[in-house]
Amino acid sequence: MTANLSYASYQQQLAHGISPSGVARYVAQTAPTVRFGLTAAGWRAQPYAGIAIITPPFIDDPVNHAAYVALADIQQQFILDLGLDIIGLLPVSSLHLTVTGLVSGDSYLPFAEPAARAALFAQVRMAFANTAGIPAPALRFKGLCPFGPVIAAVLDFVHEGDYLNLLRLRDAIYQHTGELPKPAPFTAHVTLLHKTFTGDAEKVRATEAIHRVNADIPWQALPPFNLHRAEVRFFPDMTRFTREADWPVYRFAPGQ
């Protein structure tokens, strides 16, 4: 099984991550992004291939259209407020929620071979079959949170049972896929950008910009996010997520 937080601990983690003290702490600890690089044409995604289980990206998800439109507006508001050319902006069309990563970087290389990939997909299909019928979780956006090399909109579950059910699905995936790298505890989020802050002044500016967005946006009034479908997708970098029609997909049952 993967390392999981209790529902209460999950909510406490979210609350801290979007609080002024949490934002300041995470920005201070930030590491430069290696998924984007600065070129003569501006910030560009760097090659970094992998396979993940994600919700359909904005361009393929009419169910969550209103939620993604709201996120796109928030993304632009934050960029204008920040006013720094130190980020790799994710295309709105690629925005998604990651259920779990499978392989990426060096761990992806063996699965570039068709036979290894087919075996992995068979294991994922078995995990999906053994957890069929999970109701579609409903989630609410809580605010912007910096962690690792990204800034993301984080979400909480409307019902504790939805959170526990999603953990059950993730655990089943990793039980069936054997020796794949195990993920960190789950945090529901939609990544908006990758970042590189090169000095204290930029970090202070970013912290203040996140504070303002978190304070100014009526997050509870944003459209809810419906996790109705999870798909296996390939990514050559952090801006493109594609799939073939016969790749595994998990269809959640109608929600509560």
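Residues numbered from 1 in each chain as written. Predicted model: local features only at pLDDT ≥ 70, side-chain atom pairs only at ≥ 80, totals over all residues. Heavy atoms only, no water.

Engineer: Just to check I follow, could you spell out the overall build of the protein chain for this structure?
Structural biologist: Across its full length, the protein chain holds 6 helices and 12 strands. Taken over the C-alpha trace, the protein chain has a radius of gyration of 18 Å; the compact-globule value for 256 residues is 18 Å, and the two agree within 12%. Taking the principal axes of the C-alpha coordinates as reference, the protein chain spans close to 50 × 45 × 30 Å. A buried classification covers 50% of the 256 residues belonging to the protein chain. Taking as baseline every contact in the protein chain between residues at least 6 positions apart, the subset at least 24 positions apart corresponds to 78%. With the model as given, the accessible surface of the protein chain reaches about 11300 Å², and the carbon-plus-sulfur share is 58%. Across the protein chain, the centroid of the 19 positively charged side chains sits 2 Å from that of the 20 negatively charged ones. (Helix = DSSP H or I, 4+ residues; strand = E, 2+ residues; numbered from the N terminus. Rg over C-alpha atoms; globule rule 2.2 N^0.38 Å. Buried < 20%, exposed > 50% of the residue type's maximum accessible area, 1.4 Å probe, protein only. Contact = heavy atoms within 4.5 Å. Areas by Shrake-Rupley, 256 points an atom, 1.4 Å probe, with all protein chains shown as cover. Lys, Arg positive; Asp, Glu negative; His and termini not counted. Charge placed at Lys NZ, Arg CZ, Asp CG, Glu CD.)

Engineer: Quick question: what am I supposed to make of the sheet that holds strand 6 (residues 138-147) here?
Structural biologist: Backbone hydrogen bonds hold the strands of a sheet together, and the pairing may be parallel or antiparallel. Read across the open sheet, the 5 strands follow the order 4-8-7-6-9; overall the sheet is antiparallel. The open sheet has two free edges, formed respectively by strand 4 (87-89) and strand 9 (225-226), since each of these has just one partner strand. Two strands pair when backbone bridges link them, and strand 6 and strand 7 (residues 150-157) are joined in this way by 8 bridges, in the antiparallel orientation. Residue pairing across strands places cysteine 145 opposite alanine 152, the latter belonging to strand 7. (Pairing = 2+ DSSP bridges.)

Engineer: Would you mind showing me how to read the side chain of threonine 33 here?
Structural biologist: Mapped onto the secondary structure, threonine 33 falls in the loop between helix 2 (20-28) and strand 1 (36-39). From its side chain, threonine 33 meets the backbone nitrogen of arginine 35 in a polar contact 3.1 Å long. In this structure, threonine 33 is in contact with Trp43, Pro149, His194, Lys195 and Thr196, ignoring residues within four places of it in sequence. (Polar contact = N/O pair within 3.5 Å; in protein donor to acceptor, adjacent residues only side chain to side chain.)

Engineer: Is there a simple way to explain the pattern of salt bridges in this structure?
Structural biologist: Where charged atoms from two side chains of opposite charge come close, those side chains can pair. Considering all chains together, one arrives at 6 salt bridges under this definition. In this structure, arginine 233 engages aspartate 60 in a salt bridge whose closest nitrogen and oxygen atoms are separated by 3.1 Å. Taken together, the residues span a long stretch of sequence, with arginine 233 in strand 10 (residues 229-237) and aspartate 60 in the loop between strand 3 (50-54) and helix 3 (65-82) at a distance of 173 residues. Between glutamate 231 and arginine 229 there is a salt bridge, with the nearest N and O atoms lying 2.5 Å from each other. Glutamate 231 gets classed as buried once you look at its relative accessible area, which sits at 4%. The class of arginine 229 is partly exposed, set by a relative accessible area of 22%. A single salt-bridge network, built from bridges that share partners, covers Asp60, Arg229, Glu231, Arg233 and Arg243. (Salt bridge = Lys/Arg side-chain N within 4 Å of Asp/Glu carboxyl O.)

Engineer: Teacher, can you tell me more about the packing of aromatic side chains here?
Structural biologist: Here the distance between the centres and the angle between the planes together describe a pair of aromatic rings. Across all of its chains, the model carries 14 aromatic pairs by this definition. Taken together, a centroid distance of 6.3 Å and an interplanar angle of 55° make the contact between phenylalanine 157 and phenylalanine 186 tilted. Placement of the pair is phenylalanine 157 in strand 7 and phenylalanine 186 in the loop between helix 5 (160-176) and strand 8 (189-195), with a sequence separation of 29 residues. We classify phenylalanine 186 as buried; its relative accessible area is 4%. A connected cluster of aromatic rings, assembled from ring pairs, spans Tyr7, Tyr10, Phe157, Tyr163 and Phe186. A cation over an aromatic ring shows up here: arginine 35 above the ring of tyrosine 48, its NZ or CZ 3.5 Å from the ring centre. (Phe/Tyr/Trp six-rings, centres within 6.5 Å; stacked < 30°, edge-to-face > 60°. Lys NZ or Arg CZ within 6 Å of the ring centre and 35° of its normal.)

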